[in-house]
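Structural overview
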Amino acid sequence: MRKSFFIAGLLLAGSNLMAQDWPQVTSEARPGTRWWWLGNAVDAPNLTYNIDEYAKAGMGAVEITPIYGVQGNDANNIEFLSPAWMEMLKHTQAEGKRTGVEVDMNTGTGWPFGGPEVSVEDAATKAIFQTYNVTGGKMIELNIAPKDLKAGSYTQLSRVMAYANGKCLQLTSKVSSGTLQWNAPAGDWKVIVLYIGKTGQMVKRAAPGGEGFVMDHLSKGAVNRYFARFDKAFKNSNTPYPHTFFNDSYEVYGADWTPDFLNQFAKRRGYKLEEHFPEFLDATRPDATRRIVSDYRETISDLLLDNFTAQWSSWAHKHGSITRNQAHGSPANLIDTYASVDIPECEGFGLSQFHIKGLRQDSLTRKNDSDLSMLKYASSAAHITGKTYTSSETFTWLTEHFRTSLSQCKPDMDLMFVSGVNHMFFHGTPYSPKQDEWPGWLFYASINMSPTNSIWRDAPAFFDYITRCQSFLQMGKPDNDFLVYLPVYDMWQEQGGRLLLFTVHGMEKMAPKFIKTIHQISQSGYDVDYISDKYVQSTRFVNGELQTQGGARYKSIIVPAVKLMPAPVLEHLVSLAKQGATIVFMENYPEDVPGFGQLDARRKSFAQIKNQLPQTTSFGNTQISTLQKGRIITGSDYLSALQKCDVQPEEMKLHHGLQCIRRTNDTGHHYFISALQNKGVNDWVTLGISSDNVKSVMLFNPMNGEKGLAQSRTKDGRLQVRLQLQSGESVILQTFIQAVDTPAWAYYQEENFSLSLDHGWTLRFVESKPAIEGTFAIDTPSSWTTLNHPNATITMAIGLYTNNISLPTIPADEWILDLGDLRESAKVRINGQDAGTAWAVPYQLKVGKLLRPGKNLIEVEVTNLPANRIAELDRQGVVWRKFKDANIVDLSYKKKMYADWAPLPSGLNGAVRLIPVKIQ
């Protein structure tokens, strides 16, 4: 992978250093987007048009994902990977190179991977068990033909097993034409038949040329044969392979088997599963059943990782490409699977409720299932393995179609940043021909981050924000405090059923205690990365810290109330402690080993290792015990236990409610900090890093690019920085090991009065569809939906609010223009000069340098949402839902008309103020 970020140089100036500037912008720092090719009905002129629009707005990458087509447009569809499709890909790559937009592609169409080249034999596979009770002592003639009619001709007989009185017999060879003929010994026998069937799942939302069976992701041969189609298409067309291949969330439903599963199980787990089918299938789930099911789930995980994810990455690397993958939704260990690719990608699904002041909460919203605990799986895998990027499928759903504002996007973007994301991708941007009538081509899920959406006009300001944040978040290395052991064996052994999928929407029920643990640690002022059994065993103790395989360093490992742990993992934890590491066991020591095979021997080994741990009578009180050179901390209260680790918490999280993420760099540390809460902060904040060698601290405002030397001090031996953030605001903080020569950061103190600009406003429309002509003397700054005009409540528009004000002579170091309840974003000019774009709460801009004594012209160009216009199209019966497959659905994935939507307020909604401030 090419080096993709640069630390801006620090120039010597005497004994001081000149100011660190914003890091150099690369395509990876800019936002990317999933680029839906509907029906693959693309053409060269419109590809050029679309990419030019994306590049001008500030996007840095597009990921081509072919999807279902547009109704009545079949003549323009192009078959996926056909010569014509490859020519369009080649043209896109050339245009991407010209504009600086990186071009990635999905290794398939729709999702999951599959298509016309996937034979029935290579299709997603399931196990079909049939059980019969027979009495022996006679010849048995038993019809065991498959009962699963849906499986039809796709079934193959795998095993026929008989069990009685501790005996196990294989009878597979005694079956002919669906009939078992067996001279059964005396006794009551349970006969279990295993057929290998097919799920029948087809590629969901497939594009032309992508229709067909979903492949068997657990089969090495099936996966290898799937990629052969791509090799042929790229070779025959002489098309360069893309920078990155992408795979969406797993979503392979009911695929719980593969033809060689039993052989793989025996090889990996050390015993034959078929000899234990009765226990494996026991619905009462005694201990033996839970253990065997755990072994089954671990084998499924191994096969998915080895045969699909790792093989896919190896195939991509052979062609000079890298891989970006969403592991969630799969049955595999999420940390190991995310870690097996180049760029792990999480997914945000819904709108988080942070109670940010002034942030409009639409009534039509979807709860966010991807909270911090879920988002951190991908970044944890990246951090512990030393990968530069963590990506995100961003804003899969926030609100209903046509109702999502830029201001609603920012908090959930910040949540992803503090979770470790530094290479975001929108979900998504439909390719739409320039000549197509509005609303153009659309995808069934929101949001639509494209030129056909009215929010696109002010989106470049949002893109700049993302780019500034990511330029810092891609710099240096992660610096989280603790590793948290992921209790995957507890989940594998205790959860019911057979196939266990780690889905975004299911983790709350699957791992509620683990989720609570992560939030407790975060609220205690610390940050963590998760670590799996595999990566625990490769972690070393180096120079007083724990160092993972990828080089990331941590203060200690937390084992959170884990019941089951493999003996080699516990042995390595004990070894690390003996070398000098601190290991924290919360609520209990691990109690047992997971799995079924060689259980007695493994338990004996486990007990011997556990006996080396300090004995404690109760975990109720926090205790510190020594283990040779290291320490074992036990307890039940996270705050108390972690405080004993001699790790300074981040006071901004513990006492001020801020959220943050910290990284190291060549000059010290840097933080991304966000006030994702209903209050701001204006206080001295103690940082969790040492004050040793810190000579300067700078603050960077990612909203507008401002930077300056922060007020900092050392108090009680700790480094403190003054932070001033309003609810919803964010900032980047960087420390330096040498003094920095740069202007001071401006801290503001608002005067106890302000100028209310509540009269004298006029309004005209720069753009409006349907049109609204003329100028309106509205006097008060109010929503244009209140105008006495037939189109006022149905237009999608840019309304220009204008006011000529007389500025009194008031001493002020700066003036802030507060636009109040803005619907939904605005470009502002003062006396004809650009004052910036207001797109997120608080809707405030610094305008002091543009104001002058006496008369001043204030112009506010407000852009509203498309909701009012689209609702009117539905009331008029205009057919704009013209897409195949899912077409357009609501938050519940149901068809929905918008004719009943009440008009959303649009424009200014009162309380516009000019606030004089003093710089402190």
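Residues numbered from 1 in each chain as written. Predicted model: local features only at pLDDT ≥ 70, side-chain atom pairs only at ≥ 80, totals over all residues. Heavy atoms only, no water.

**Quick word on the nonpolar core**
The condition that has to hold: Definition used in this section: a nonpolar core is a set of buried Ala, Val, Leu, Ile, Met, Phe, Trp, Tyr and Cys residues joined via side-chain atoms within 4.5 Å. For every residue, the accessible area obtained with a 1.4 Å probe (protein chains only) is divided by the maximum for its type, and the residue is called buried under 20%, exposed over 50%, and partly exposed between those limits. Secondary structure elements are defined from DSSP: runs of H or I of at least 4 residues count as helices, runs of E of at least 2 residues count as strands, and each element is numbered from the N terminus. Note on contacts: a residue pair is in contact if any heavy atoms of the two residues lie within 4.5 Å.
Counting 249 residues, the largest nonpolar core has Trp 257 and Leu 819 as its most contacted members. The leading source of residues in this core is helix α6 (residues 287-318), at ten residues. Excluding residues that lie within four positions of it along the chain, Leu 819 makes contacts with Ala 826, Val 828, Ala 838, Tyr 843, Val 860, Leu 908, Gly 910, Ala 911 and Val 912.

**Digging into the pairing of strand β16 (residues 322-325)**
For clarity, the cut-off: A pair of strands is treated as paired once DSSP finds two or more bridges between them. By convention, a crossover is right-handed whenever its connection, traced from the first strand over the helix to the second and viewed with the strands pointing away, goes clockwise.
With burial as the criterion, each face of β16 is covered, one bearing Ile 322 and Arg 324 and the other bearing Thr 323 and Asn 325. Taken together, the four bridges between strand β15 (residues 244-247) and β16 define a ladder with parallel strand orientation. From the neighbouring strand, Phe 245 faces β16, where its bridge partner is Thr 323. Sheet topology places β16 next to strand β17 (residues 343-347); two bridges connect them, and they run parallel. For Arg 324, the partnering residue across the bridge sits in β17 and is Ile 343. Traced from β16 through helix α7 (residues 334-339) to β17, the parallel crossover comes out right-handed.

**Re the sheet that holds strand β26 (residues 556-560)**
Heads up, the rule is: Between N-to-C directions, angles span 0 to 180 degrees; the directions come from axes that are lines fitted to C-alpha atoms, helices contributing only their stretch in contact.
Taken together, the six strands give an open sheet; going across it, the order is β22-β21-β26-β27-β29-β28, and neighbouring strands pair in mixed fashion. One side of each edge strand has no neighbouring strand; the edge strands of this open sheet are β22 (528-531) and β28 (623-627). Each strand axis lies, on average, 25 degrees off the axis of its neighbour in the sheet, ignoring direction. Direction of pairing for β28 relative to strand β29 (residues 630-635): antiparallel, over a ladder of five bridges. Counterpart to Leu 627 in the pairing with β29 is Gly 630. Running at roughly 75 degrees to β22, helix α8 (residues 372-385) makes contact with β21 (482-485) and β22 of the sheet.

**As for the sheet that holds strand β11 (residues 175-176)**
Strand pairing in a sheet relies on backbone hydrogen bonds, with the paired strands running either antiparallel or parallel. Taken in spatial order, the three strands of this open sheet run β8-β12-β11, and their pairing is antiparallel. In this open sheet, the two strands that pair with only one neighbour each are β8 (138-143) and β11. Sheet topology places β11 next to strand β12 (residues 179-184); two bridges connect them, and they run antiparallel. Paired with Ser 176 across the two strands is Thr 179, which belongs to β12.

**Topic: helix α2 (residues 83-99)**
Which entries qualify depends on this criterion: One less than the number of residues in a helix, times 1.5 Å, gives the span that helix is expected to have.
In a regular helix each residue adds 1.5 Å, so 17 residues correspond to 24 Å; α2 covers 24 Å between its end C-alpha atoms and thus fits that length. Every buried residue belonging to α2 is among Trp 85, Met 86, Met 88, Leu 89, Thr 92, Gln 93, Glu 95 and Gly 96, and all of these are buried. Of the surrounding elements, those touching the buried residues of α2 are β3 (32-38), α1 (44-57), β4 (61-67), β5 (102-106) and α3 (220-237). Just beyond α2, the residue with positive phi is Gly 100, at close to 80 degrees.

**Some thoughts on helix α19 (residues 867-875)**
Of all nine residues that make up α19, eight are buried, and the element is covered over most of its length. If you follow the buried residues of α19, they end up packed against β41 (761-769) and β43 (796-807). In the stretch just after α19, Gly 877 is the one whose phi turns positive, near 75 degrees.

**Structural notes on the layout of surface pockets**
Remark: the empty space left among the atoms is shown by a probe the size of a water molecule rolled over them. Our working definition: Cavities and pockets were defined on a 1 Å grid built from protein atoms only: a cavity is a group of points that admits a 1.4 Å probe but offers it no way out, a pocket is an open group of points flanked by protein on both sides within 12 Å along at least five of seven lines, and a lining residue is one with an atom within 4 Å of any such point. Grid points are joined across faces, edges and corners, and a volume is the space filled by probe spheres set on the points. Residues were grouped as follows: Ala, Val, Leu, Ile, Met, Phe, Trp, Tyr, Cys and Pro as nonpolar; Asp, Glu, Lys and Arg as charged; and all remaining residues, including Gly, as polar.
For the largest pocket, the calculated volume is near 1,200 Å³. Considering the residues around the largest pocket, the lining is formed by 45 residues, among which Asn 701, Gln 726, Glu 729, Pro 842 and Gln 844 are closest to the centre. Looking at the lining of the largest pocket, the elements that each hand over two or more residues are α10 (459-473), β32 (681-690), β36 (718-725), β37 (730-736), β39 (748-750), β44 (814-818), β47 (833-838) and β48 (844-846). Ranked by residue count, the leading element in the lining of the largest pocket is β47, at four residues. Considered class by class, the residues forming the lining of the largest pocket number 19 nonpolar, 15 polar and eleven charged.

**Regarding the side chain of Arg 269**
To keep things clear, this is the line we draw: Two N or O atoms form a polar contact when they lie within 3.5 Å of each other; inside protein one atom must be a possible hydrogen donor and the other a possible acceptor, and for residues adjacent in sequence the pair counts only when both atoms belong to side chains.
Turning to its location among the elements, Arg 269 is positioned in helix α4 (residues 261-269). Judged by relative accessible area, Arg 269 falls into the buried class, the value being 18%. A polar contact is formed between the side chain of Arg 269 and the side chain of Thr 299, at a distance of 2.9 Å. Beyond its immediate chain neighbours, meaning those up to four positions away, Arg 269 contacts Asp 295, Glu 298, Thr 299 and Asp 302.

**Some remarks on the confidence of the model for the protein chain**
Close inspection of predicted coordinates is inappropriate for parts of the model with low pLDDT. This is how the line gets drawn: pLDDT gives the predictor's per-residue confidence on a scale running from 0 to 100.
Within the protein chain, residue pLDDT values average 95, and 98% of them lie at 70 or more. Counting interchain partners and residues more than four positions distant, the pLDDT-below-50 stretch residues 1-16 has 41 contacts.

**A word on the packing of α2 against α3**
Applied cut-off: For classification purposes, angles smaller than 35 degrees are called roughly parallel, those larger than 145 roughly antiparallel, those between 65 and 115 roughly perpendicular, and all remaining angles oblique.
As a packed pair, α2 and α3 sit with axes 10 Å apart at the nearest point and diverge in direction by 70 degrees. Relative to α3, α2 is oriented roughly perpendicular. Residues Met 86, Leu 89 and Lys 90 of α2 form the contact with α3, whose own contacting residues are Ala 233, Phe 234 and Ser 237. When grouped by side-chain class, the residues that make up the contact of α2 with α3 number four nonpolar, one polar and one charged.

**Digging into the state of the cysteines**
Counted only if it meets this: For the purposes of this analysis, a disulfide is any pair of cysteine sulfur atoms at a distance within 2.5 Å.
In the structure shown here, the tally under the stated rule is zero disulfides. Among the cysteines around Cys 346, which has no disulfide bond, Cys 409 carries the closest sulfur, lying 15 Å off. According to the relative accessible area criterion, Cys 346 is buried, its value standing at 1%.

**Points about the packing of aromatic side chains**
The description of two aromatic rings rests on the distance between their centres and on the angle between their planes. Formally: A pair of aromatic rings is counted whenever rings of Phe, Tyr or Trp (Trp by its six-membered ring) have centres within 6.5 Å, and the orientation is called stacked for planes under 30 degrees apart, edge-to-face for over 60 and tilted otherwise.
Scanning the model with the defined rule gives 62 aromatic pairs in all. Ring geometry for Phe 230 and Trp 315: centres 6.1 Å apart, planes at 70 degrees, overall edge-to-face. Of this pair, Phe 230 sits in helix α3 while Trp 315 sits in helix α6; the two residues are 85 residues apart in sequence, bridging distant segments of the chain. A relative accessible area of 1% means that Phe 230 is categorised as buried. On the accessibility criterion, Trp 315 (7% relative accessible area) is buried.

**Examining empty space enclosed by the protein**
The tally for this structure, following the rule as stated, stands at eight cavities of 30 Å³ or more. Lining of the largest cavity is provided by 16 residues; of these, His 401, Phe 402, Ile 447, Asn 448 and Asn 453 occupy positions nearest its centre. Partitioned by chemical class, the residues of the lining of the largest cavity number eight nonpolar, six polar and two charged.

**Concerning unusual backbone geometry**
A negative phi holds for most residues other than glycine; trans holds for most peptide bonds. Residue Arg 823 is joined to Glu 824 through a cis peptide bond whose omega torsion reads 10 degrees. Relative to the helices and strands, Glu 824 resides in the loop between β45 (822-823) and β46 (825-830). Val 841 connects to Pro 842 through a cis peptide bond whose omega is -10 degrees. As for its position among the elements, Pro 842 is in the loop between β47 and β48. A positive phi is found at Asn 165, a non-glycine position, where the angle reads about 50 degrees. With a phi angle near 50 degrees, Ala 561 is a residue other than glycine that sits in the positive phi range. Residue placement: Ala 561 occurs in the loop between β26 and α15 (567-579).

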